[in-house]
Amino acid sequence: MMFEKNMEKLTTDEIENSRRGELSAKIVYNTIIDNNYNLWFICNDDGSSIFHVGLTNTNEGGVIGWSSLQLCLRYVNRRVVKKVLLKAFGSSLILSKMSLFHLRNMLNPFNAGVLGTIIVNPCEDNFFVPIPLTYFPATGKSKEEDLELDLDIDDNEYVNVEYNKETKEYETTDNSDYL
């Protein structure tokens, strides 16, 4: 179940013989639980768009999220990603920490192709952990207090990021106390 940490201890043999990505997925899920179901996302500077990608050879895709701000900052400065972000969002970005429950509440039939799956912690070799937002209940059907979550989007953490033409990197400009 997604709402309980996997505390199973694995032997060395189980780790060495596990399927590719199985151990990584367990670590990511546990980290998400530790982070109170919050991930970092790339947004445009006016907050009207969230960065998403299409998966190769399919009509499917998803919004990309990271379990830490440091992983997100490394991703935005990958050469291929910078080009895409500069073209799509320009030189100013917002890295925002948002609840998966908040995103689930935004899910509807019109945005399900993009928002229905969160692609968590993509890395250089194109490995990532996919999380369907349908794993999470819509909070409108539950009491927020029962979930013990802070879903107030206005209080979410964020970091402003600007593209520096001299260093050719996206760099934080304020709110860097989260680093």
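Coordinates for the structure precede this section.
Residues numbered from 1 in each chain as written. Predicted model: local features only at pLDDT ≥ 70, side-chain atom pairs only at ≥ 80, totals over all residues. Heavy atoms only, no water.

Visitor: If you had to explain the nonpolar core to someone new, which residues and values would you point to?
Guide: Counting 24 residues, the largest nonpolar core has Ile32, Phe41, Leu100, Leu103, Ile118, Val120 and Leu133 as its most contacted members. For this core, the elements supplying multiple residues, two or more each, are α2 (22-34), β1 (38-44), β4 (92-99), α5 (100-106), β5 (117-120) and β6 (129-132). If one sorts the elements of this core by residue count, α2 sits on top with 4 residues. In this structure, Phe41 is in contact with Ile50, Val63, Ile64, Gly65, Trp66, Ile94, Leu95, Ser96, Met98, Leu100, Leu103 and Ile118, ignoring residues within four places of it in sequence. Of all hydrophobic cores here, the second largest spans 19 residues; its members include Ile42, Ile64, Tyr75 and Val161. (Core = buried A, V, L, I, M, F, W, Y, C linked by side-chain atoms within 4.5 Å. Buried < 20%, exposed > 50% of the residue type's maximum accessible area, 1.4 Å probe, protein only. Helix = DSSP H or I, 4+ residues; strand = E, 2+ residues; numbered from the N terminus. Contact = heavy atoms within 4.5 Å.)

Visitor: Tell me what's going on with helix α4 (residues 79-89), and back it up with residues and numbers.
Guide: Residues of α4 that are buried include every one of Val81, Lys82, Leu85 and Phe89, and no others. Down the axis, α4 shows its buried residues gathered within 100° of arc, on one side only. Residues of α4 that are exposed and point more than 90 degrees away from the buried face comprise Arg79, Val80, Lys83 and Lys87. Looking one or two residues past α4, Gly90 carries a phi angle of roughly 85°, positive in sign. (Arc of directions from axis to C-beta.)

Function-wise, these values are silent; they only describe arrangement.
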